[in-house]
Amino acid sequence: MRVTGSVRAEERAPGGVELGVESFETLQLAQDYPITPKEHGTAFLMDIRHLWLRSSRQHAVLRIRSEIEQACRDFFYDRDFVLIDSPILTANAAEGTSTLFETDYFGEKAFLSQSGQLYLEPAAAAFGRVYCFGPTFRAEKSKTRRHLMEFWMVEPEVAFLEFDGLQELAEEFIECIVDRVLDRCKEELKTVERDVSKLENIRRPFPRITYREAIELLAKKGLPAKFGDDLGGDEETVIANAFDRPVMITKYPAAIKAFYMQPDPQDPSLALALDMIAPEGYGEIIGGSQRIHDHDLLLQRLKEHNLPIDRFQWYLDIRKYGTFPHSGFGMGIERVVAWMSGASHLRETIPYPRMLNRIYP
Ligand code: 4AD
Ligand code: MG
């Protein structure tokens, strides 16, 4: 329907304005619209995701997403970062070989990118501060409310930034995003009935605990976690509930982290890794680290992880021709959208979610 009229301010109207209709023209007589005021199951709504997008709650969540994405771009642009678009078709794994989507590249094996990080590191050598922002892919063979097969990640990488500076950058970034959503998404937050007092509380500095302290905290709360275990969703939630702001967990055992992480100088069995866990049970929103900048150590780690050295030659080159300490992180957009909008499942935080056994529509 095409409606013509004049807009006037009206305090009592939901959006603050009303349209005085002068004429209208029917473009199509739509019948039997599948979404009715009655309750629908999520599986049904996911099948008609292309129509569900018109519902007020979906509308609000995706507007919040759009605002967050713009906030990310503005944050890095304002700080002189150069945007480096990383490739989606890649020849090597970045985050472990168990979640790779493999495809054929003219007879050669190729993978959908799990992270732009490895391509950003050479760019940091060239430009100093860089970031990438794009879709990333993980064949996560588990069905959880926090995992998608295709998700968007924003990743900064900074030359000469070391571990303390990395934590400062991460908390400044998150504080800035929360402020922006509170400032510009007031209507949307109301629509999704978000308790904004919880978000107004998000102020730097964020609490920082080591992985060892996280394990101790879990033990105190009666969970059977022991040093060396990976922290799963349930553990993350217990840790998050001990704080009212995002918590940064640092210095994980190198054995449970990616091959490229710089060892802790005080205890080389630990990695200078950083995970930031959102409050209220929304899970890990940031993963990052200082990177190994010594050529021989990196080569040794590639071998230990059984990664094909020939495919990482270009990555090793960065450590061969003028190496430098550097750090970076990745933030998953959907996790942050879920946290800001109070969505309990990531499927509502992206227009067309790709989940285990779901690629339609
Ligand atoms: O912790 P991750 O795996 O870190 C990296 O990929 C690094 N290479 C990033 C870097 O240092 N440049 O992923 C980063 C973030 C996680 O903290 C989480 O927010 C999100 O990406 N994430 C996912 N979001 C939705 N679905 C999935 N399957 C996700 N896997 C990771
Ligand atoms: Mg991680």
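Below: a short report on this structure. (Residues numbered from 1 in each chain as written. Chains lettered and ligands numbered in written order. Predicted model: local features only at pLDDT ≥ 70, side-chain atom pairs only at ≥ 80, totals over all residues. Heavy atoms only, no water.)

Let us look at the pattern of salt bridges. If you walk through the whole model with that rule in mind, you get 28 salt bridges. The closest approach of N and O atoms between Arg 358 and Asp 47, which form a salt bridge, is 3.1 Å. Of this pair, Arg 358 sits in the segment after α12 (333–341) while Asp 47 sits in helix α1 (residues 42–47), placing them 311 residues apart in sequence. According to the relative accessible area criterion, Arg 358 is buried, its value standing at 18%. Judged by relative accessible area, which is 37%, Asp 47 ranks as partly exposed. Residue Glu 304 pairs with Arg 301 through a salt bridge whose shortest N-O separation is 3.2 Å. (Salt bridge = Lys/Arg side-chain N within 4 Å of Asp/Glu carboxyl O. Helix = DSSP H or I, 4+ residues; strand = E, 2+ residues; numbered from the N terminus. Buried < 20%, exposed > 50% of the residue type's maximum accessible area, 1.4 Å probe, protein only.)

With that settled, consider the sheet that holds strand β5 (residues 102–105). Reading across from one edge, β4-β6-β5 is the order of the 3 strands in this open sheet, with antiparallel pairing throughout. The strands lining the two open edges of the sheet, one partner per strand, are β4 (89–90) and β5. In this sheet, strand β6 (residues 108–112) lies alongside β5 in antiparallel orientation, the contact comprising 4 bridges. Residue pairing in the sheet places Asp 104 in a bridge with Lys 109 of β6. (Pairing = 2+ DSSP bridges.)

So, on to the site of ligand 1. Neighbouring ligand 1 are 24 residues; Glu 95, Gln 117, Glu 155, Glu 284 and Arg 291 lie closest to it. At a separation of 3.4 Å, an oxygen atom of ligand 1 approaches a polar backbone atom of Ile 286. Look at ligand 1: alone it shows 630 Å² of surface, and the protein chains cover 94% of it. For the shell around ligand 1, the secondary-structure elements that each account for two or more residues are β8 (150–159), β13 (284–290) and β14 (326–332). Among the elements that line the shell around ligand 1, the one with the most residues is β13, at 5 residues. The residue makeup of the shell around ligand 1, split by class, is 8 nonpolar, 8 polar and 8 charged. (Near = heavy atom within 4 Å. Polar contact = N/O pair within 3.5 Å; in protein donor to acceptor, adjacent residues only side chain to side chain. Areas by Shrake-Rupley, 256 points an atom, 1.4 Å probe, with all protein chains shown as cover. Nonpolar A, V, L, I, M, F, W, Y, C, P; charged D, E, K, R; others polar.)

What follows concerns the nonpolar core. If you look at the biggest cluster of nonpolar residues, it comprises 59 residues, and the most contacted ones within it are Ile 68, Met 331 and Trp 339. The dominant element in this core, judged by the number of residues it contributes, is helix α5 (residues 163–184), at 10 residues. What Trp 339 contacts, discounting residues up to four positions off in sequence, is Ile 174, Val 178, Arg 194, Leu 199, Ile 202, Pro 246, Ala 278, Pro 279, Glu 280, Tyr 282 and Ile 285. Ranked by size, the runner-up nonpolar core spans 28 residues in total, among them Ala 225, Ile 249, Ile 292 and Leu 302. (Core = buried A, V, L, I, M, F, W, Y, C linked by side-chain atoms within 4.5 Å. Contact = heavy atoms within 4.5 Å.)

That is the geometry; function is a separate question.
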